[in-house]
Amino acid sequence: MNAEVSVTQPKRISLNQTSDSRIEPLRKRSGLLAEYWYVGAMGRDVTNAKPVSTVVMETRIVLWRSKAGTVSALRDRCAHRNTMLSEGYVNNKKNCIVCPYHGWEFDEEGDCTKVPSENWEGKKRNNRSIESFPVIEKDGLIWLWMGLEKTPDPEKTPFKLPYYNQEKEGWGNFQIINDFENEVTNLVENFMDVPHTVIVHSGWFRNRAHKKVKTTMERTDNSVLVTYHQTDDVIGFAERVVNPKKLPLFHTDNFYMPNNTRVDYGFGDNERGFVIVSTSTPISDMKTRVYTSISYKLGLLNFGAKSWLPWYVQNIINQDLVITRNQAQSLREEPANYKSTPADTLHVFIESLRKWEEGGRKGRQPRAMTKEIEFWI
Ligand code: FES
Ligand SMILES: [Fe+2]
């Protein structure tokens, strides 16, 4: 644990950059990585009382909820003098957002519907619309389609959160947000990487065991699937609290394009277990907002888990915040030059899929393949 890290959940994100119009926003520099759904906010943070501002791929977006409950997303930039609309207010009767500067109004499609200085009100007057974003609210998260192609690709859907809203089946769930100072590929790798857990999270999650771990790593067209063949793995608190019966453990770490990781730990025949899903939203090159959803099935422990499990998980994430910030500092000073071990195969697989998409799917597509790997923890 590192006490220096204070984790906040700011509504507004500072991009720390100048408004140099020659620099294209990350959304335009990301190639086909933009053509996906990204989480822009948690559903509980978007209300009809006040607009919310968020940044995805250096694109500032304003979100609000209508009285009927639907969420709208527009560029947070008034067509008139480019003021941020999120500092304005929502007119609930008309379901529109009102600019705080000269009072122009925009509906949920981004059409300008009122200009007080011209004394008119209506729909689609002049060329004063602002960009709107398709929105899907699912499993407590607000997903935004960031594609430059305005119609979402039906093959690409928001990542489904496993065991969300399954209290009756014995699953609890909570979600947290953390702002990391690093880029998506490195973070996704961190969330799936086992070797660092015995170093960075020693005493918290997994201790050095001097054991060999056999692993299967598979790359498909759009995922990297990792299975650890180590049923006697001991996880920091699992031994004492989660797995008192010492049931055999199954552990898989999966990555799904472009930015989702799913880590499963199951004990016995899924009698108990927990699943950690992280979806990483790029804010700018070296800033990423990570939405983590933790589902847990711990038997009777579930009743008290809300009081200690979020604290425990946050402490582990704090250690990752520190180490990935360290890495980012080094990468800012000099470009990446990585040497890899067999355990890093999953990193290489993930990087290859993301790079290929970022490059517009040109050149040779990373082939689907499976590798058997061994490494030591
Ligand atoms: S800047 Fe928005 S109405 Fe003038
Ligand atoms: Fe970690």
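Further up the page is the structure itself.
Residues numbered from 1 in each chain as written. Chains lettered and ligands numbered in written order. Predicted model: local features only at pLDDT ≥ 70, side-chain atom pairs only at ≥ 80, totals over all residues. Heavy atoms only, no water.

1. Quick look at the pairing of strand S1 (residues 37-42)
Most of S1 is tucked away, with six of its six residues classed as buried. In the sheet, S1 pairs with strand S11 (residues 141-145) via five bridges, with the strands oriented antiparallel. Of the residues in S11, the one forming a bridge with Met 42 is Leu 141. (Buried < 20%, exposed > 50% of the residue type's maximum accessible area, 1.4 Å probe, protein only. Helix = DSSP H or I, 4+ residues; strand = E, 2+ residues; numbered from the N terminus. Pairing = 2+ DSSP bridges.)

2. Focus on the coordination of the iron ion (ligand 2)
Within the protein, His 196 (NE2), His 201 (NE2), Asp 320 (OD) and Asp 320 (OD) serve as the donor atoms for the iron ion (ligand 2), at 2.1 to 2.3 Å. Classification of the site at the iron ion (ligand 2) rests on its four donor atoms, whose angles at the metal span 58 to 147°, yielding the label irregular. In the primary sequence, the donor residues of the iron ion (ligand 2) line up as H-x4-H-x118-D. Of the two residues, His 196 sits in the loop between helix H2 (184-192) and helix H3 (197-200) while Asp 320 sits in helix H5 (residues 302-333), which places them 124 residues apart along the sequence. Neither residue differs from the other here; His 196 and Asp 320 are each classed as buried. (Donors = N, O, S within 2.8 Å, 3.2 Å for Na, K, Ca; no water. Tetrahedral: all angles 85-135°; square planar, octahedral: opposite > 155°, others 65-115°.)

3. What about the pattern of salt bridges?
In this structure the tally under the stated criterion is 18 salt bridges. We note a salt bridge from Arg 29 to Glu 58, for which the minimum N-O separation is 2.9 Å. You can see Arg 29 sitting in helix H1 (residues 26-29) and its partner Glu 58 sitting in the loop between strand S2 (52-56) and strand S3 (59-65), a full 29 residues away along the chain. With a relative accessible area of 12%, Glu 58 lands in the buried category. Residue Asp 264 is joined to Arg 262 by a salt bridge in which the shortest nitrogen-to-oxygen separation is 2.7 Å. Here Asp 264 falls in the buried class, since its relative accessible area comes to 8%. (Salt bridge = Lys/Arg side-chain N within 4 Å of Asp/Glu carboxyl O.)

4. Quick look at the sheet that holds strand S13 (residues 212-219)
Hydrogen bonds along the backbone pair up the strands of a sheet, which may run parallel or antiparallel. The strand order S12-S18-S17-S16-S15-S14-S13-S19 describes an open sheet built from eight strands, whose pairing is antiparallel. Single-partner strands in this sheet number two, and they are strand S12 (172-180) and strand S19 (369-376). The average angle at which neighbouring strand axes cross in this sheet is 15°, direction not considered. Two elements, S13 and strand S14 (residues 223-229), share six bridges in a ladder whose sense is antiparallel. Residue pairing for S14: Met 217 is matched across the bridge by Val 226. Packing of H2 onto the sheet brings it into contact with S12, S14, strand S15 (249-256), strand S16 (260-267), strand S17 (272-284) and strand S18 (287-297), and relative to S17 it is tilted by some 170°. (Axes fitted to C-alpha atoms, helices over the stretch in contact; angles between N-to-C directions. Contact = heavy atoms within 4.5 Å.)

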